[in-house]
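Analysis of the macromolecular model
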Amino acid sequence: MEEEKILPNHIGIIMDGNGRWATRRGLKRSAGHKAGADNLEKLLKHIFNLGIKYVSVYAFSTENFNRDKEEVDYLMNLFVKYFSSKNKIFVKEELKVIFSGSKERLRDDVKESMAKLEENTKNFKRGVFNICLNYGGRLEIVDAIKKINRDIQDNKIKIEDINESLVSTYMYQNLPDLDFVIRTSGEIRVSNFMLWQGSYAEYYFTDCLFPDFDEKEFDKALLEYSKRNRRFGGTK
Ligand code: IPE
Ligand code: IPE
Ligand code: MG
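Alternating positions in strand S5 (residues 180-183) separate into two faces, Phe-180 and Ile-182 on one and Val-181 and Arg-183 on the other, with burial throughout. Both strand S1 (residues 10-14) and S5 contribute to a ladder of four bridges, which runs parallel. In the sheet register, Ile-11 faces S5, and the bridge partner there is Phe-180. As defined by bridge partners, S5 adjoins strand S6 (residues 202-205) across four bridges and the pair is classed as parallel. Its bridge partner lying in S6, Ile-182 is registered against Tyr-204.

Quick look at the structure:
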């Protein structure tokens, strides 16, 4: 009973610190991204086994295109490899995989591997895994405004219909609000992650670098969440 009350419905993870994890070991930054991807697989299993329904991860921000071409290319190749090789795992775990972000600037093979994974998992109900790729929170709101404007012009909606719940349905994905957001690697900022959905989320910042953020670290974060008093502007 109590567990039901304390478990967040939708969690977000800003998976930061892969580069530093590698540099500290004398490795190339790419080795950190690989270690981060491996860690994510274990972590997801754990999170969905706990009964959490929605997990959103920040895999690549729109601003991450400002990195060296070598690193961007490595990450894009890693995404293509990850999405096809993990397909079986998502099917076995009955997880629906969806993506949030802009399709602009993404290579065709990346877009194809994303579409395939979405298609192969679209009927699963055990949990939803939302991957924010080429994602920016402000751009998401700008894109929503454009879509709303188009629907007004097409007479699908009227200006009077616009309210917070309607705007939520115009985000990249129609997801419930975030309850809990974790950021690894010691940076205390949101870096443009799910601004609309996170307006009343609880935030947790840890120095732990993402490749080291294992099940035990996650449980520690969850314990902290269970102690938070969410007031939503009230007094309770
Ligand atoms: C997060 O790790 C992964 C991505 C942004 C793609 P970083 O690559 O930002 O690692 P640090 O912050 O440089 O250590
Ligand atoms: C945020 O991390 C984006 C992802 C984790 C994908 P960054 O490393 O890009 O963020 P900043 O630059 O430190 O704010
Ligand atoms: Mg970083």
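Time to look at the site of ligand 2. In the region of ligand 2, the neighbouring residues are Ile-14, Met-15, Asp-16, Tyr-58, Ala-59, Phe-60, Asn-64, Arg-67, Arg-183, Arg-189 and Ser-191. In this structure, Arg-67 approaches ligand 2 through a side-chain N or O atom, which is 3.3 Å from an oxygen atom. At 3.3 Å from an oxygen atom of ligand 2 is found a side-chain nitrogen or oxygen belonging to Arg-183. If you map ligand 2 onto the pockets, it falls in the largest pocket.

We now examine the site of ligand 1. Close to ligand 1 lie 13 residues; Asp-16, Gly-19, Arg-20, Arg-29 and Arg-67 are nearest. Within the backbone of Asn-18, an N or O atom sits 3.2 Å from an oxygen atom of ligand 1. Here an oxygen atom of ligand 1 and a backbone polar atom of Gly-19 are 2.9 Å apart. Here ligand 1 has 370 Å² of accessible area as a free molecule, and 87% of this is covered by the chains. The cavity where ligand 1 resides is the largest pocket.

So, how was this worked out
- Residues numbered from 1 in each chain as written.
- Chains lettered and ligands numbered in written order.
- Predicted model: local features only at pLDDT ≥ 70, side-chain atom pairs only at ≥ 80, totals over all residues.
- Heavy atoms only, no water.
- Buried < 20%, exposed > 50% of the residue type's maximum accessible area, 1.4 Å probe, protein only.
- Helix = DSSP H or I, 4+ residues; strand = E, 2+ residues; numbered from the N terminus.
- Pairing = 2+ DSSP bridges.
- Near = heavy atom within 4 Å.
- Polar contact = N/O pair within 3.5 Å; in protein donor to acceptor, adjacent residues only side chain to side chain.
- 1 Å grid on protein atoms, 1.4 Å probe; cavity = no way out; pocket = protein on both sides within 12 Å on 5 of 7 lines; lining within 4 Å.
- Sits in = over half its atoms within 2 Å of the grid points.
- Areas by Shrake-Rupley, 256 points an atom, 1.4 Å probe, with all protein chains shown as cover.

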